[in-house]
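Notes for the structure review
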Amino acid sequence: MQIAVVGGGVAGVCTAYFLAAAGHQTVVLERYSNVALETSFGNAGLMAPGHAAPWAAPGMPQKLLSYLFKPESPAVLKPGMSPTLWRWMRRWLAECDIGRFQVNKLRMQRLALYSNELMHLLREHYALQYEQTRGLLQLFRSQHERALAQPLLALLEEAGLPHHLIHSDDARLIEPALAYHTPLNSALHLPGDEAGNCPLFTRQLRAIAQEMGVVFHFDSAVDAIETDRHGVTLAIGQQRFSADAVVIAAGYDSLPLLRRLGIRVPLYPAKAYSASVAIRNFDQSPLASVADESYKVSVTRLGTRIRVAGTVELGFPAPELREAALRTLVKVGEDWFPDAANYNASSFWSGVWPMLPDGVPLVGPTALRNVHLNIGHSASGWGMAAGSGKLVADLLSGQTTDIDTEGLTLARYG
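The sections below set out a description of the structure shown in this document. (Residues numbered from 1 in each chain as written. Predicted model: local features only at pLDDT ≥ 70, side-chain atom pairs only at ≥ 80, totals over all residues. Heavy atoms only, no water.)

1. Some thoughts on the nonpolar core
The biggest cluster of nonpolar side chains holds 46 residues, and the ones touching the most others in it are Met-119, Phe-201, Phe-216 and Trp-382. Secondary-structure elements contributing two or more residues to this core are strand 1 (2-6), helix 1 (10-21), helix 4 (98-126), helix 8 (198-211), strand 12 (245-248) and helix 11 (381-396). Dropping the residues within four chain positions of it, Phe-216 is found in contact with Val-13, Val-28, Val-35, Arg-206, Ala-209 and Gln-210. In this structure, Leu-137, Ile-166, Ala-325 and Phe-337 belong to the second largest nonpolar core, which totals 29 residues. (Core = buried A, V, L, I, M, F, W, Y, C linked by side-chain atoms within 4.5 Å. Buried < 20%, exposed > 50% of the residue type's maximum accessible area, 1.4 Å probe, protein only. Helix = DSSP H or I, 4+ residues; strand = E, 2+ residues; numbered from the N terminus. Contact = heavy atoms within 4.5 Å.)

The structure is reproduced here in structure tokens:
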């Protein structure tokens, strides 16, 4: 088949690669001048099946309320929220129920584990190097934070994922540079979780896909998609392109395309932030990755740089960088690795996550036979990209998928 992929982020490029590997003629349409220049550009860098979890979790609403009037916060609700956001928030609050969290976490974990396996195969087959590290510490500043993690520990045990709840002293054996002045009650060690440079990997996979025959069209924003029984027509300015099928993998920009097709999904934009800074003292920098559970901020080693990523702004995101979010990133970096870098000299970035209330991405078919989805990965797009791309390719090819797609498709929304 001739298949068009809309979106050149890591999810779109992985989809194109696996479609080409399945024998399809594939074209990628990307509105920017290269791959991975938007949400994939400044993400946390985590490929972490153990750590992957929905934002809708037990205790999260109370945590957000407790931070409303503090100078540093893991999330911000902009004043004057729209009715659309209020409806989205109601659905999100319902997903914070312990039962719903368990279902959503297991769905995300299933896809993330599959994706991790595929990443290992890709890395070994093509000898890829993208500044990868192995191992993650989830840090609990207080006993309360540790108690809130109990549902997560039960799910990790059920999934058979290697994990160790450890004392603060043991955490510092794994990450010797962790500061002593910051309270640390305990930590969850996830030795199988990984991190890496997402844009670097995406560019490498793009080159491989091109050698396989995938054609990339940059500076090509898709304005509309029309369908009929023969296939799809994509409008790019005054030009029209035809294909047998289309995979929409354009992050939050997928929403207007879906609306014109009559496909309704509860996708909402969340503005996320990151800071990248050169390491000035390697002995005092992280060896791999840590995740601060209080602030929902990760600190990751990427070669000679540190990436501090997190905080979410709900409400239609403005282009400017919010000072409170930048302060949160700097604070977390200085709290845990104060001598590793000058965090105030970071290159700050923000991008838009396409967030679904339950946190689980939408992968696969829609009610329209020739329109497929690969959207809604939120903060875990890098960690689920290979798996979701392979699932889409298998579904479009009529092949039996390697993992169960229950709960991952649009069918869960009726």
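Now, onward.
2. Things to note about the pairing of strand 13 (residues 268-278)
As a general feature of sheets, a regular strand has side chains that alternate between the two faces. Burial within strand 13 is extensive, with ten of its eleven residues counted as buried. Relative to strand 16 (residues 305-314), strand 13 is paired through nine bridges, and the arrangement is antiparallel. Residue pairing across strands places Ala-278 opposite Arg-305, the latter belonging to strand 16. (Pairing = 2+ DSSP bridges.)

3. Focus on the packing of helix 1 against helix 8
Helix 8 packs onto helix 1 with a crossing angle of 25° between their chain directions and a minimal axis gap of 9 Å. Comparing the axis directions of helix 1 and helix 8 gives the class roughly parallel. Judged by the sense of rotation from one axis to the other, the crossing of helix 1 with helix 8 is left-handed. Mapping the contact onto sequence places Val-10, Val-13, Cys-14 and Tyr-17 in helix 1 and Cys-198, Phe-201, Thr-202, Leu-205, Arg-206, Ile-208 and Ala-209 in helix 8. Partitioned by chemical class, the residues of the contact of helix 1 with helix 8 number nine nonpolar, one polar and one charged. (Axes fitted to C-alpha atoms, helices over the stretch in contact; angles between N-to-C directions. Parallel < 35°, antiparallel > 145°, perpendicular 65-115°, else oblique. Left-handed = near helix turned anticlockwise from the far one by under 90°. Nonpolar A, V, L, I, M, F, W, Y, C, P; charged D, E, K, R; others polar.)

4. A look at a nonpolar patch on the surface
Side chains of Tyr-32, Leu-37 and Phe-41 sit close together on the surface and give an oily, nonpolar patch of about 250 Å² of accessible area. Among the residues examined, Tyr-32 registers a relative accessible area of 31% and is labelled partly exposed. (Patch = residues over 30% accessible without salt bridge, like charges linked within 9 Å, V, L, I, M, F, W, Y side chains within 5 Å. Areas by Shrake-Rupley, 256 points an atom, 1.4 Å probe, with all protein chains shown as cover. Salt bridge = Lys/Arg side-chain N within 4 Å of Asp/Glu carboxyl O.)

5. Points about the side chain of Arg-107
Inspection of the secondary structure puts Arg-107 in helix 4. Those residues within four positions of Arg-107 in sequence are excluded, and the remaining contacts are Arg-100, Val-360, Glu-406, Gly-407, Leu-408 and Arg-412.

6. So, the sheet that holds strand 10 (residues 231-236)
Sheet architecture is open: three strands sit in the order 9-10-11, paired in antiparallel fashion. At either margin of the open sheet sits one strand with a lone partner, and together these are strand 9 (224-228) and strand 11 (239-243). For this sheet the average axis-to-axis angle between neighbouring strands, irrespective of direction, equals 20°. Taken together, the five bridges between strand 9 and strand 10 define a ladder with antiparallel strand orientation. Among the inter-strand pairings, Thr-227 is bridged to a residue of strand 10, identified as Val-232.

7. Regarding the pattern of salt bridges
Considering all chains together, one arrives at 16 salt bridges under this definition. In this structure, the salt-bridge partner of Glu-95 is Arg-100, at a minimum N-O distance of 3.0 Å. Judged by relative accessible area, Arg-100 falls into the partly exposed class, the value being 30%. Here Asp-402 ties to Lys-390 by a salt bridge, and the two come within 3.5 Å at their closest N and O atoms. On the criterion of sequence distance, the pair formed by Asp-402 in the segment after helix 11 and Lys-390 in helix 11 is long-range, its members being twelve residues apart. Since its relative accessible area comes to 52%, Asp-402 is described here as exposed.

8. Overview of helix 1
With twelve residues, helix 1 extends 16 Å from end C-alpha to end C-alpha; this agrees with the ideal 16 Å at 1.5 Å per step. Burial analysis of helix 1 places eleven of its twelve residues in the buried class, the great majority of the element. Of all the residues in helix 1, the buried ones are Val-10, Ala-11, Gly-12, Val-13, Cys-14, Thr-15, Ala-16, Tyr-17, Phe-18, Leu-19 and Ala-20. Residue Gly-23 follows helix 1 closely and has a positive phi angle near 100°. (Expected span 1.5 Å × (residues − 1).)

9. Observations regarding the sheet that holds strand 1
If you trace the six strands from one edge of the open sheet to the other, you get 8-2-1-12-19-18, paired in mixed fashion. The two strands at the open ends of the sheet, each matched to only one other strand, are strand 8 (215-217) and strand 18 (362-365). Shown here is a sheet whose adjacent strand axes are inclined to one another by a mean of 20°, direction ignored. Pairing analysis gives four bridges linking strand 18 to strand 19 (residues 371-375), with the strands arranged antiparallel. Bridge pairing links Pro-365 to His-372 in strand 19. Of the strands in this sheet, strand 1, strand 2 (25-29), strand 8, strand 12 and strand 19 touch helix 1, which is tilted by about 165° from strand 1.

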